[in-house]
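# Structural features, examined
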Amino acid sequence: MSIYSDILRKARIWGYSKLIVGEHAGIKLVDISSNKSNARLFIENTTRALDLISRIDPLRFARVKQHIDYIVNLELYSGGRYCPGKICQIDYGRMNFSKYPDWFLYLYASALVHDATHGYIQSKGIKRTSDNRLDIARICVNEETHFL
């Protein structure tokens, strides 16, 4: 890890530690989205998604707990991403729980499994490169698919 990456990781963790809005199963929840009216629902549905993973797939839940310390709600170009420092950034606002609550609960839980798999791969010292990025993506998608 470069010194720049290490400084950025530490700065993110320090900043997120000041903005925690909830916690579940030892995972801190941070909401830095522009839509603060979703904060309560973000906490509730994140808790439900974590409980769903725990209930139906304890092995993958253990991976989530081991490789995600922070779930951060913020607007993203993509639906979510994993960052060094055991940080799962998710664009919760893209999920329409009010219209399709069950479907989006499973989708959200599978996204957490996907990002925890990125964390697992990083923890093994495998850095994402242009040569392996598709292989890593395939592994993460397979894990979320197996969960579903």
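Refer to the structure printed above.
Here the structure is a predicted model, which is why all the values come from computation and not from measurement. Every chain is numbered independently, its residues counted from 1 as its sequence is written. For a predicted model such as this one, the threshold for reporting local features is a pLDDT of at least 70, and the threshold for listing and counting side-chain atom pairs is 80 or more; totals across whole chains, interfaces and linings nevertheless cover every residue. Only heavy atoms go into the side-chain values, all of them from the structure, while hydrogens and water stay out.

## A word on the packing of aromatic side chains
We apply this condition: Stacked, tilted and edge-to-face pairs are distinguished by plane angle, under 30 degrees for stacked and over 60 for edge-to-face with tilted covering the rest, among Phe, Tyr and Trp rings (Trp via its six-membered ring) whose centres lie within 6.5 Å. The secondary structure listing takes helices from DSSP runs of H or I that are at least 4 residues long and strands from runs of E that are at least 2 residues long, numbered from the N terminus. Between buried and exposed lies partly exposed: a residue is buried under 20% and exposed over 50% of the maximum accessible area for its type, with that area taken using a 1.4 Å probe on protein chains only.
Scanning all chains against the criterion turns up eight aromatic pairs. Aromatic pair Phe-42 and Tyr-92: ring centres 5.7 Å apart, planes at 70°, arrangement edge-to-face. With a gap of 50 residues between them, Phe-42 in helix α2 (residues 39–56) and Tyr-92 in the loop between β5 (87–90) and α4 (101–123) connect regions that are remote in the sequence. The buried category is assigned to Phe-42, whose relative accessible area is 0%. Note on Tyr-92: relative accessible area 4%, which makes it buried.

## Topic: the sheet that holds strand β2 (residues 27–31)
Test applied: Note: two strands are recorded as paired if DSSP finds a minimum of 2 bridges between them. Fitted lines through C-alpha atoms give the axes, limited to the stretch in contact for helices. The angle between two N-to-C directions lies from 0 to 180 degrees. Whether two residues are in contact is decided by their heavy atoms: any pair within 4.5 Å suffices.
Spatial strand order, β1-β2-β3-β5-β4: five strands in an open sheet with mixed pairing. Only two strands of the sheet have a single neighbouring strand rather than two, namely β1 (20–24) and β4 (80–83). On average, each strand axis in the sheet is tilted by 20° relative to the strand beside it, whichever way the strands run. As paired elements, strand β3 (residues 70–73) and β5 share four bridges and run parallel to each other. Note on β5: the bridge partner recorded for Ile-71 is Cys-88. Sheet contacts for α2: β1, β2, β3 and β5; angle to β2, the most-contacted strand, approximately 150°. Here α4 sits on the sheet and contacts β3, β4 and β5; the angle it forms with β4, its principal contact strand, is near 25°.

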